[in-house]
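# A closer look at the structure
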Amino acid sequence: MPPGELNGRIEIRLDELLAQRGMTLTELSYRVEVTIANLSILKTGKGKAIRFSTLARLCEVLECQPGDLLRYTDNPADAP
């Protein structure tokens, strides 16, 4: 692998957590005070970064730990 090239990726498990909690993206958006558009970017894996304050609010509202929300995969074939 060339220097600077990443093989793995971080996946956001937002859909799974929302389904487990019976919560909609709209409700989550309201409760964490983040726009639906920004949550959709995270949910679809198109986000490049997340603020710790946003991650903390998501964890608080979803009653989870950061590791429940984020997953590392080193195999791009595992991508949803």
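Residues numbered from 1 in each chain as written. Predicted model: local features only at pLDDT ≥ 70, side-chain atom pairs only at ≥ 80, totals over all residues. Heavy atoms only, no water.

This next bit is on the pattern of salt bridges. When the charged atoms of two side chains lie near each other, side chains of opposite charge can form a pair. One pass over the structure, following the stated rule, counts 5 salt bridges. In this structure, R13 and E16 form a salt bridge, with 2.6 Å as the shortest nitrogen-oxygen distance. Residue E16 is classed as partly exposed on the basis of its relative accessible area, which comes to 41%. The partner of E27 in a salt bridge is R31, and the shortest N-O contact between them spans 3.4 Å. Of this pair, E27 and R31 both sit in helix α2 (residues 25-32), 4 residues apart, roughly one helical turn. On the accessibility criterion, R31 (43% relative accessible area) is partly exposed. Taken together, the shared-partner salt bridges in this structure form one network comprising R9, E11 and R71. (Salt bridge = Lys/Arg side-chain N within 4 Å of Asp/Glu carboxyl O. Buried < 20%, exposed > 50% of the residue type's maximum accessible area, 1.4 Å probe, protein only. Helix = DSSP H or I, 4+ residues; strand = E, 2+ residues; numbered from the N terminus.)

A few words now on the packing of α2 against helix α3 (residues 36-43). Between α2 and α3, whose axes approach to 9 Å, the crossing angle comes to 115°. Every pair of crossing elements has a handedness; the one defined by α2 and α3 is right-handed. Taken together, the residues of α3 that come into contact with α2 (itself represented by L25, T26, L28, S29 and V32) are I36, L39, S40 and K43. Residues of the contact of α2 with α3, tallied by class, amount to 5 nonpolar, 3 polar and 1 charged. (Axes fitted to C-alpha atoms, helices over the stretch in contact; angles between N-to-C directions. Left-handed = near helix turned anticlockwise from the far one by under 90°. Contact = heavy atoms within 4.5 Å. Nonpolar A, V, L, I, M, F, W, Y, C, P; charged D, E, K, R; others polar.)

As a further point, take the nonpolar core. Ranked by size, the top nonpolar core spans 17 residues in total, and within it L28, L39 and L62 carry the most contacts. Mapped by element, the contributors of at least two residues to this core are α1 (14-21), α2, α3 and α4 (52-62). Residues within four places of L62 in sequence aside, it is in contact with L14, L17, L18, R21, M23, L28 and L69. (Core = buried A, V, L, I, M, F, W, Y, C linked by side-chain atoms within 4.5 Å.)

This part takes up the packing of α2 against α4. Relative orientation of the contacting elements α2 and α4 amounts to 120°, with a least axis distance of 10 Å. When the interaxial angle is binned, α2 and α4 end up oblique. Taken as a pair, α2 and α4 cross one another with a handedness that is right-handed. Along its contact with α2, which presents L28, R31 and V32, the element α4 presents R57, L58, V61 and L62. Taken together, the residues of the contact of α2 with α4 break down into 5 nonpolar, no polar and 2 charged. (Parallel < 35°, antiparallel > 145°, perpendicular 65-115°, else oblique.)

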